[in-house]
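The residues making up each chain are set out below.
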Amino acid sequence: MLTDAAAPPLPPRRAFAPSHPADGVLILIYVALIWVGMIVGFGGEIARHLKNDDPPYPLILHVHSAVFVTWLVGYTAQVLLIRTARPALHRRLGVAMAWWIGVMAIVGTATAYTIQNRNFGTGHSDPAFFSVQMGDLIGFVGLSVAGIVYRRRPAAHRRLMLLAILQLSTAGFARWLGGAIGAAYPFGHWGQSFWATFLTLHLTNDVMVLGIGACDLVTRGRLHPAYVAGVIWSFGVQVTHVSLYLWPAWLPVAKMLLGH
């Protein structure tokens, strides 16, 4: 019988490979899916808006659309620059995109505030949803800043920035598939049940998030620590803002924040 002193040493743990051919394929597929989700989700909403002859969108919403589409275009360009082996241009564009995060935070907050006040007292009024709007923005900003901090560690940077763009694309997928997802599960109705609301808002994105981890497990046999931390942050933000949305005590706080 071997004693602890005589036990053979454990083999050293292999370093997490910073890149793998599967990574690039996965990211390209995800970028394409995100574009489809945003175009179909928001395109469908715009079509309904025009069909119903609803009042024109406020200016801030057009600004918001331009700012956020610019980020998605920039992210797509960053992915293609790495695929075409142009890291220097990738880094220069990354500096501009880092500053753009601040613009998105300001414009996103202003848009949520404006739309909530525009709809207040109408049939579309839902002040408690302010938690969801701000929660998704906070989740995106947190992941993006972390990705910038770890920009010199490609494996961490790549995963954090992909998680950030997935957090940002939640609104498009929820508009496209959220209704069908919520209706498919016997957890209650939107705005009443936690899981019905959570799945309606986040199921599509969270399945894609899990896909990143599945790819790492297949190609490296383990998860990257930055991915694990990013998932904990993203899921924590989602649970928090859905819980707030459904918590009756949040409604008066949301109204106060919105100036009512």
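Residues numbered from 1 in each chain as written. Predicted model: local features only at pLDDT ≥ 70, side-chain atom pairs only at ≥ 80, totals over all residues. Heavy atoms only, no water.

## Brief notes about a positive patch on the surface
A cluster of basic side chains, namely Arg91, Arg92, Arg151 and Arg152, defines a positive patch on the protein surface. Looking at the secondary structure, you find Arg152 in the loop between α4 (130–149) and α5 (154–168). (Patch = residues over 30% accessible without salt bridge, like charges linked within 9 Å, V, L, I, M, F, W, Y side chains within 5 Å. Areas by Shrake-Rupley, 256 points an atom, 1.4 Å probe, with all protein chains shown as cover. Salt bridge = Lys/Arg side-chain N within 4 Å of Asp/Glu carboxyl O. Lys, Arg positive; Asp, Glu negative; His and termini not counted. Charge placed at Lys NZ, Arg CZ, Asp CG, Glu CD. Helix = DSSP H or I, 4+ residues; strand = E, 2+ residues; numbered from the N terminus.)

## Describing the UniProt feature "transmembrane region" (unreviewed entry) in the protein
Residues annotated in UniProt with the feature "transmembrane region" (unreviewed entry) correspond here to residues 24–47, 59–81, 93–116, 128–150, 162–187, 193–214 and 226–247. Structurally, residues 93–116 comprises 100% helix and 0% strand, and the distance from its first C-alpha atom to its last is 34 Å. In the segment residues 128–150, helix accounts for 87% and strand for 0%; the C-alpha atoms at its two ends are 34 Å apart. (UniProt positions renumbered as here; feature names shortened; annotations may be inferred.)

## Some details on a nonpolar patch on the surface
On the surface, Val36, Ile39, Val40 and Trp176 cluster together into a nonpolar patch covering about 340 Å² of accessible area. When residues in the nonpolar patch are grouped by element, the largest group, three residues, is from helix α1 (residues 21–51). Within the element layout of this structure, Val40 appears in helix α1.

## Notes on the side chain of Ser144
Within the secondary structure, Ser144 is located in helix α4. Assessed through its relative accessible area of 0%, Ser144 is described here as buried. In this structure, Ser144 is in contact with Trp71, Ile101, Met161 and Ala164, ignoring residues within four places of it in sequence. (Buried < 20%, exposed > 50% of the residue type's maximum accessible area, 1.4 Å probe, protein only. Contact = heavy atoms within 4.5 Å.)

## Focus on helix α3 (residues 87–119)
A rise of 1.5 Å per residue sets the reference length of α3, with its 33 residues, at 48 Å; its end C-alpha atoms lie 45 Å apart and thus fit the reference within 8%. Listing the buried residues of α3 in full gives His90, Met97, Ile101, Met104, Val107, Gly108, Thr111, Ala112, Ile115, Gln116 and Asn119. Buried residues along α3 sit in contact with α2 (59–83), α4 and α5. Just beyond α3, the residue with positive phi is Gly121, at close to 85°. (Expected span 1.5 Å × (residues − 1).)

## Examining the packing of aromatic side chains
Across all of its chains, the model carries seven aromatic pairs by this definition. Aromatic pair Phe194 and Trp195: ring centres 5.2 Å apart, planes at 85°, arrangement edge-to-face. Residue class for Phe194 comes out partly exposed when judged on its relative accessible area of 23%. A relative accessible area of 42% means that Trp195 is categorised as partly exposed. An angle of 75° between the planes, with centres 5.5 Å apart, marks the rings of Trp195 and Phe198 as edge-to-face. A residue pair is termed a helical-turn pair when its members lie 3 or 4 positions apart in one helix, as Trp195 and Phe198 do in helix α7 (residues 194–220) at three residues. Relative accessible area serves as the criterion here: at 3%, Phe198 is assigned to the buried category. Three or more aromatic residues link up through ring pairs in this structure, and these residues are Phe194, Trp195, Phe198 and Phe235. (Phe/Tyr/Trp six-rings, centres within 6.5 Å; stacked < 30°, edge-to-face > 60°.)

## Some remarks on the nonpolar core
Trp71, Tyr75, Ile165 and Ile212 are the most contacted members of the largest nonpolar core, which has 38 residues in total. Secondary-structure elements contributing two or more residues to this core are α1, α2, α3, α4, α5, α7 and α8 (225–246). Looking at this core, the element that brings in the most residues is α5, giving nine residues. Contacts of Ile165, omitting those with residues within four sequence positions, involve Ile34, Trp71, Leu72 and Tyr75. In this structure, Ile181, Leu199, Leu201 and Trp250 belong to the second largest nonpolar core, which totals ten residues. (Core = buried A, V, L, I, M, F, W, Y, C linked by side-chain atoms within 4.5 Å.)

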